[in-house]
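Residues per chain are reported as follows:
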Amino acid sequence: MKAFKYIAPFCMFAFAYWSFHSTGLACWAGFLFTFAFVPGIELVLKPDARNLAAEEEALAKKDVLYDWILYVAFGLQFVTLYFFLISMTDELAWSDRLGRIAMMGLMAGIFGINLAHELGHRSTKAEQFLAKCLLLTSLYMHFFIEHNKGHHTHVSTPDDPSSAKYKQSVFAFWLQTFPGTLRSAWRIDAQQTSLFIGIQILFLALIGWFFGTLVMGSFMAAALIGSIQLETVNYIEHYGLARDRVESGRYERVKPHHSWNSNHIMGRLLLFELSRHSDHHFQASRKYQVLRHHDDTPQMPTGYPGMILLALVPPIWFRVMDVQMKRFGVLPKTNEQLSPSI
């Protein structure tokens, strides 16, 4: 029965269907739910740091229902994309069109990238293929290469374009991470990166052919919103954290305290436990349902939706995060230590 709590993200598919078949405020309902209702609730609800008992974890690892929840979500993501493309052929007021694009952008981030993130860490070729397909819905397929072979290797070091420096604004971070991750993927596997780019261009061409250039442009805008969500999440997950060099000259092993963590319930459920990010980087092979809280990790003051909003106002972000860093004993590194060398 514990698995059924992860049906919670499916409410976003209902919001998307409502948005794509309505006009007015309903087009924005899912966006308002995510970035107004959820952050408000998470200011009231206490985070839950409890972990599964050893027996519960052993059962959860074997329970295929957790996997099937992801597989169903995979199918619904493509159904949702189809409804979006159809809906964008309607005669719409500009506010309604923007609302539907914003809603699809949310879906591109939550399912197109976040769900792909979970499946991309699986060991089976079939699940990795599903991850690549999902990334196509956000035009961010190079993430599969860079995240698994780049980010997880270089996280919280100067060589990771997806790790934010201390006192670096999210807007400066975007200028670092968008070109940086693409260059990193290209260096890791130029052939596969070129293939992914070609597939995405073909996908856009097919959308333009069947639905028109306006719909194609709308999808591109939604995909951009999804990728901005991803990179903003990267910003909040590793802001100001750095691994030390050891005597050999290499960086120390990735530990839980090299990622910011959040135990806020709604954010955890909506994002398939992504916010328990400290344990994910400590053991990337752990499935979402068994990710753990570690007592020695720096904690975010609220869940991911609220942290994303906070990051968009740098002066307030810096003030809040300075307090959190002092609270959890995080010592800011120098700009030289945290400046990317790529």
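Fair warning: this is a prediction, and the values are worked out from it, not measured in the lab.

## Overview of the nonpolar core
By size, the foremost hydrophobic cluster in this structure holds 86 residues, and its most contacted members are M12, F84, Y235, Y239 and W317. Top contributing element to this core by residue count: helix α5 (residues 94-120), with 11 residues. Not counting chain neighbours up to four residues away, the residues in contact with F84 comprise F20, R100, I101, M104, S218, F219 and A222.

## Side note on the environment of Y140
On the secondary structure map, Y140 appears in the loop between α6 (125-136) and α7 (143-154). The class of Y140 is buried, set by a relative accessible area of 5%. Between the C-alpha atoms of Y140 and A223, which are 83 residues apart in sequence, the distance is 8.1 Å. Once you skip the residues sitting within four places of it in the chain, Y140 turns out to touch I113, L135, F178, T181, Q200, S227, L230 and E231.

## Here's the deal with the layout of surface pockets
Taken as a whole, the largest pocket spans an internal volume of roughly 370 Å³. For the largest pocket, the lining is made up of 21 residues, of which K5, R50, N51, L52 and R268 are closest to its centre. Those elements giving two or more residues to the lining of the largest pocket turn out to be α3 (54-62) and α11 (265-270). Within the lining of the largest pocket, the residues separate by chemical class into eight nonpolar, two polar and 11 charged. The volume enclosed by the second largest pocket comes to roughly 270 Å³. Together, 13 residues line the second largest pocket, and S138, L139, Y140, H142 and Q200 are the ones closest to its centre. Elements represented by at least two residues in the lining of the second largest pocket include exactly α9 (190-211) and α10 (213-238). By residue class, the composition of the lining of the second largest pocket is nine nonpolar, four polar and no charged.

## Some points on the UniProt feature "domain: Fatty acid desaturase" (unreviewed entry) in the protein
UniProt feature "domain: Fatty acid desaturase" (unreviewed entry): in the numbering of this structure it lies at residues 102-304. From the first C-alpha to the last, residues 102-304 spans 18 Å; its make-up is 61% helix and 0% strand.

## Focus: the pattern of salt bridges
Side-chain pairs of opposite charge can arise where the charged atoms are in close proximity. Within the structure shown, the criterion is met by 13 salt bridges. Among the ionic pairs, K287 bridges to D67, the shortest N-O distance being 3.4 Å. Remark: D67 occurs in helix α4 (residues 65-87) and K287 occurs in the loop between α12 (277-282) and α13 (304-311); sequence separation between them is 220 residues. A salt bridge links K255 to E252; the shortest N-O distance between them is 3.6 Å.

## Considerations on empty space enclosed by the protein
Vacant regions in the atomic arrangement are exposed by a probe of water-molecule size rolled over the atoms. Counted by the stated rule, this structure contains five cavities of 30 Å³ or more. Each pocket or cavity is described by its volume, and for the largest cavity that value is around 270 Å³. Looking at the lining of the largest cavity, the elements that each hand over two or more residues are α2 (29-42), α5, α7, α10 and α13. Per-element accounting of the lining of the largest cavity gives the leading share, six residues, to α5. Across the lining of the largest cavity, the residue classes tally to 13 nonpolar, eight polar and one charged. Taken as a whole, the second largest cavity holds about 70 Å³ of empty space. Taken together, N114, H117, E118, L271, F272, E273, L274, R276, H277, H280, Y288 and L291 make up the full set of residues lining the second largest cavity. Here the lining of the second largest cavity takes three residues from α5, the largest share from any one element. Looking at the lining of the second largest cavity residue by residue, the class counts come to five nonpolar, four polar and three charged.

## Some words on the packing of α5 against α7
Axis separation between α5 and α7 bottoms out at 11 Å; the angle between their running directions is 50 degrees. Between α5 and α7, the crossing angle belongs to the class labelled oblique. The chirality of how α5 crosses α7 is right-handed. Note on element contacts: α7 touches α5 through F143, F144, H147 and N148, opposite I113, H117 and G120. Its residues assigned to classes, the contact of α5 with α7 comprises three nonpolar, four polar and no charged.

## Considerations on the packing of aromatic side chains
The geometry of two aromatic rings is summed up by the distance between their centres and the angle between their planes. This model, assessed by the stated rule, comprises 26 aromatic pairs. A ring pair is formed by Y66 and Y288, whose centres lie 6.2 Å apart and whose planes are at 75 degrees; its orientation type is edge-to-face. A residue pair is termed long-range when its members are at least 10 positions apart, and Y66 in helix α4 and Y288 in the loop between α12 and α13 qualify at 222 residues. Neither residue differs from the other here; Y66 and Y288 are each classed as buried. The interplanar angle of 50 degrees and the centroid separation of 5.6 Å between the aromatic rings of Y235 and Y239 together place this pair among those described as tilted.

Criteria and thresholds
- Residues numbered from 1 in each chain as written.
- Predicted model: local features only at pLDDT ≥ 70, side-chain atom pairs only at ≥ 80, totals over all residues.
- Heavy atoms only, no water.
- Core = buried A, V, L, I, M, F, W, Y, C linked by side-chain atoms within 4.5 Å.
- Buried < 20%, exposed > 50% of the residue type's maximum accessible area, 1.4 Å probe, protein only.
- Helix = DSSP H or I, 4+ residues; strand = E, 2+ residues; numbered from the N terminus.
- Contact = heavy atoms within 4.5 Å.
- 1 Å grid on protein atoms, 1.4 Å probe; cavity = no way out; pocket = protein on both sides within 12 Å on 5 of 7 lines; lining within 4 Å.
- Points joined across faces, edges and corners; volume = space filled by probe spheres on them.
- Nonpolar A, V, L, I, M, F, W, Y, C, P; charged D, E, K, R; others polar.
- UniProt positions renumbered as here; feature names shortened; annotations may be inferred.
- Salt bridge = Lys/Arg side-chain N within 4 Å of Asp/Glu carboxyl O.
- Axes fitted to C-alpha atoms, helices over the stretch in contact; angles between N-to-C directions.
- Parallel < 35°, antiparallel > 145°, perpendicular 65-115°, else oblique.
- Left-handed = near helix turned anticlockwise from the far one by under 90°.
- Phe/Tyr/Trp six-rings, centres within 6.5 Å; stacked < 30°, edge-to-face > 60°.

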